[in-house]
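A closer look at the structure
These are the residues of each chain, in order.
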Amino acid sequence: MSALDAGNEQVIATYNFAYLDEQTKRMIRRALLKGIAVPGYQVPFASREMPMPYGWGTGGVQVTAAIIGPDDRLKVIDQGADDTTNAISIRKFFERTTGVETTTATAEASIIQTRHRIPETPLTAGQILVFQVPIPEPLRFLEPRETETRTMHALEEYGVMHVKLYEDIARHGHIATTYAYPVKVEGRYVTDPSPTPKFDNPKMHRNPALQLFGAGREMRIYAIPPWTEVVSLDFEDHPFEVQAFDRPCALCGAEDVFLDEVITDDRGGRMFVCSDTDHCNRRQAEGHAGEQAA
Amino acid sequence: MSMQDNDPPLMRVSNLTHMYGDRIGCRDVSFDLYPGEVLAVVGESGSGKTTLLNCVSGRQHCTAGTISYRMRDGRLQDLNALSEAERRFLMRTDWGFVHQNPADGLRMNVSAGANVGERLMAVGQRHYGRIRETADDWLGRVEISHDRIDDRPGTFSGGMRQRLQIARNLVTGPRLVFMDEPTGGLDVSVQARLLDLLRGLVDDLGLSAIVVTHDLAVARLLSQRMMVMKDGQVIETGLTDRVLDDPQAPYTQLLVSSILQV
Amino acid sequence: MYVAVKGGETAIDNAHKLLADRRRGNRDVADLGLDQIMEQLSLAVDRVMSEGALYDRELAALAIKQARGDLIEAIFLARAYRTTLPRFGYTQPVDTGRMQVERRISACFKDLPGGQLLGPTFDYTHRLLDPALAGGAAPETPEVRDPDGAPMMRVSDFLGQEGLLEPAPDAADKPVPDDIARNPMSYPMDRDARLQALARGDEGFLLSMGYSTQRGYARSHPFAGEIRIGEVELEIAVPELDFAAPLGRIQVTECQMVNQFQGSAKAPPQFTRGYGLVFGQAERKSMAMALVDRALRATELGEDLTAPAQDEEFVIAHSDNVQATGFVEHLKLPHYVDFQSELNLVRRMRAEVEARTETHQEAAE
């Protein structure tokens, strides 16, 4: 039967729970299990076309679709926020294809799909963080060939990674990589944390939650199981440092969080507010206030 | 440094053959290389000398024959039996490879300091200051001015690039260095300076080397022993001075006599 | 007081309503029917079917309508639907020798059994805009070949008889083909997987890559051995039956390039093949595919690798327009967080430079 026979309105009803067919979900779950068994190793998987474009989160969406069940509660963020357009679009996709409950509260979610941030609220055991990954290969911009990077991983030839950091220090006096900052997972694989700011790297280390990474266009899945060692690459005399902001959030007064710069008027006025909207709202509800709070 | 008759060989090559389909790359080549010895392989282009170099340096598989290497623990190891990981480790620690074109052996898009430091980082050194110090020291030894440490090789002259490539190879203290026409493509005056430098380093460090060249003057200056190749086979071998002063094979005689006597 | 931007959800809804309105256009103009697209824009339908990797004319027509004529968007729609369909099995290899041919030409032989058959081609038309077409003039009734005519032997089979042309790979060597939609691609690829990737590769990209081989970037001395367009029978092996069960017929375009080859360490001098097979009538795509297929066989045939078209990773990794368009367009998505990090870094570096300059000036004074 052609999909058209059902009539345009009902087409979506002919899709499986969470869009993907069960065969495909099993294939993805096998890749996930392998990824969990070999932390930080990029497992090739037969990525499917999804109804959103490549580069817009198809890897993360496939991972979420493969693990989500009717009892899950899903949170989707982009740039730390629940209300950015792509986060809304993905959340609506899962609402429509699974009917599961969604939430914006980090603590209440069983699955959190994210692009570019790790929530400020510490995750707990049993939660799963699903990252959308554009380029899973941390060596890609040093060596464009897949055949060569595969060998480099197999033989742990990671000297070239430090060459890049050496160059940063030689040129700038400090390491000038600010996001997608490479990490070594469980002392073995050098891994790309996805384009999260390096501010979030320490959160990956011994995190009680399961961290899953999906790269749809590049057809790779990798994982960091709970409590895994995740070390950001550095030099002994130039240790890894996270970004520091010289002021608290203007709305909730939080310090030690990642701030977005917001331009407030056309005379160059600007303010700094939490990139994690849930964290900011919760703090405001608890009575914390920054200098520009209502 | 002189080699001693009772030293065991560092590398032993037996009946090495490499075929390109039906065509011979090199055939039935055998030789021993002793610690501290420099062996020159000479011949015209197409004589099989580069094929031989690529095979013995593990950059190319050979069709038949064996290559054994004395590891640092004294054991003679068949190189074909090494895993890819062990082979690559050997290549970046105990061996060096100097290409004719420095761009093939350098990272052209990173600084001179990083080029020299890369091997140190590859074997696990993680102290920026010390890596830089070592790189700086090596730049000095190959006569590159210290204020060029943060410049990219693209801004270097041909001779400087070649010296940088040599420093990059020697920084891990290898015991064996392979060189493919190391002075090819350089001006005559630059060649002389580079050969001088190379001879000094080889002596100071007690390096063994296999140098492929079509230039008999390079062989004369650098090597104690030489092999003459033609059509993929070794046609004459012996002490360098003997082969050059009293060539036995007609082809070697032709080769030697074709050099302008000054 | 500053309030963080909200209401993204409403904005999306409104944008999509506007899209639907613009897609429909002026309501005084009749709505475009899928039958009109299938019948009158059939080459667009063919392209969506082949690069969407879904042989369904009606769905392809719907995709074109929904995409407002943007064929890459339509291909994307077709793929995203196709990917959810269960895989029942693989058909038997199609026998293009038994094709019901509508067009068949060879640039190698002036005449051959079955003759040259031009079919419905743009070739030899003068590219003059035709005002009569705008007025909806009815075309004359064409002469057509007897649809039950005898099968035409392939040019490659004539050449193969003399041993001048390398034999086609034997299907028995690989009874179960690779399936790039089910298995992750990995390099180096086998030719079956590579051909699958090329078959759904972007027509424009393959055209340019094929063209580059003609301009000297991995020149392969190609001759259009044969191009044939027509319907072929699909059959599937059913374990319960002794014979292969027919599934129906599909239209395909096949191009066999014949390339002069001097021989190498790995293969004797002979003509070699480049192969293209595409759904529907898609002559340009099938020819480009055949050129690129031949170029990508460089390693197998022992040729020097000198040009982009011979670089399997480069060609295959960048040939899929659904992947390419997604990633290029994803630059529209917010990158606030990364940009913020870079902003801080650039500020810090500028401050450092300024501080250094001031120190120098003070020292100079």
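Residues numbered from 1 in each chain as written. Chains lettered and ligands numbered in written order. Predicted model: local features only at pLDDT ≥ 70, side-chain atom pairs only at ≥ 80, totals over all residues. Heavy atoms only, no water.

1. A look at the packing of aromatic side chains
Counted by the stated rule, this structure contains 14 aromatic pairs over all chains. Ring pairing ties together the aromatic residues Tyr-69, Trp-95, Phe-97 and Phe-178 of chain B, which thus form one cluster. The cationic tip of Arg-217 of chain A hangs over the ring face of Phe-327 of chain C; the distance from NZ or CZ to the ring centre is 3.5 Å. Over the ring of Phe-97 of chain B we find Arg-59 of chain B, and its NZ or CZ is 4.1 Å from the ring centre. (Phe/Tyr/Trp six-rings, centres within 6.5 Å; stacked < 30°, edge-to-face > 60°. Lys NZ or Arg CZ within 6 Å of the ring centre and 35° of its normal.)

2. Some details on the packing of helix H4 (residues 112-122) of chain B against helix H6 (residues 158-170) of chain B
Residue and element names in this part refer to chain B. At a minimum axis separation of 7 Å, H4 and H6 run at an interaxial angle of 30 degrees. Relative to H6, the element H4 lies roughly parallel. Contact with H4, carried on its side by Ala-112, Asn-115, Val-116, Glu-118 and Arg-119, involves Leu-164, Ala-167, Arg-168 and Asn-169 of H6 and no other residues of that element. Looking at the contact of H4 with H6 residue by residue, the classes come out as 4 nonpolar, 2 polar and 3 charged. (Axes fitted to C-alpha atoms, helices over the stretch in contact; angles between N-to-C directions. Helix = DSSP H or I, 4+ residues; strand = E, 2+ residues; numbered from the N terminus. Parallel < 35°, antiparallel > 145°, perpendicular 65-115°, else oblique. Contact = heavy atoms within 4.5 Å. Nonpolar A, V, L, I, M, F, W, Y, C, P; charged D, E, K, R; others polar.)

3. Focus: the side chain of Glu-37 of chain B
Residue and element names in this part refer to chain B. Inspection of the secondary structure assignment puts Glu-37 in the loop between strand E2 (23-33) and strand E3 (38-42). What makes Glu-37 buried here is its relative accessible area of 0%. Reaching out from Glu-37, the side chain makes a polar contact with the backbone nitrogen of Tyr-34 at a distance of 2.9 Å. Reaching out from Glu-37, the side chain makes a polar contact with the side chain of Arg-225 at a distance of 2.5 Å. (Buried < 20%, exposed > 50% of the residue type's maximum accessible area, 1.4 Å probe, protein only. Polar contact = N/O pair within 3.5 Å; in protein donor to acceptor, adjacent residues only side chain to side chain.)

4. Structural notes on the interface of chain B and chain A
Taken together, the contact between chain B and chain A spans 23 residues of the former and 18 residues of the latter. Approximately 1,800 Å² of surface area, both sides summed, lies buried where chain B meets chain A, with 58% of it carried by carbon and sulfur atoms. In terms of surface lost to chain A, no three residues of chain B exceed Arg-88, Arg-126 and Tyr-128 of chain B, which account for 41% of the buried area on that side. Counting across the interface, chain B meets chain A through 4 salt bridges. Counting only elements with at least two residues in the side of chain B that touches chain A, the list comes to helix H2 (84-93), H4 and helix H5 (128-141) of chain B. Residues of the side of chain B that touches chain A, tallied by class, amount to 8 nonpolar, 5 polar and 10 charged. (Buried area = accessible area lost by both parts, 1.4 Å probe. Salt bridge = Lys/Arg side-chain N within 4 Å of Asp/Glu carboxyl O.)

Any link to function would need more than the numbers given here.
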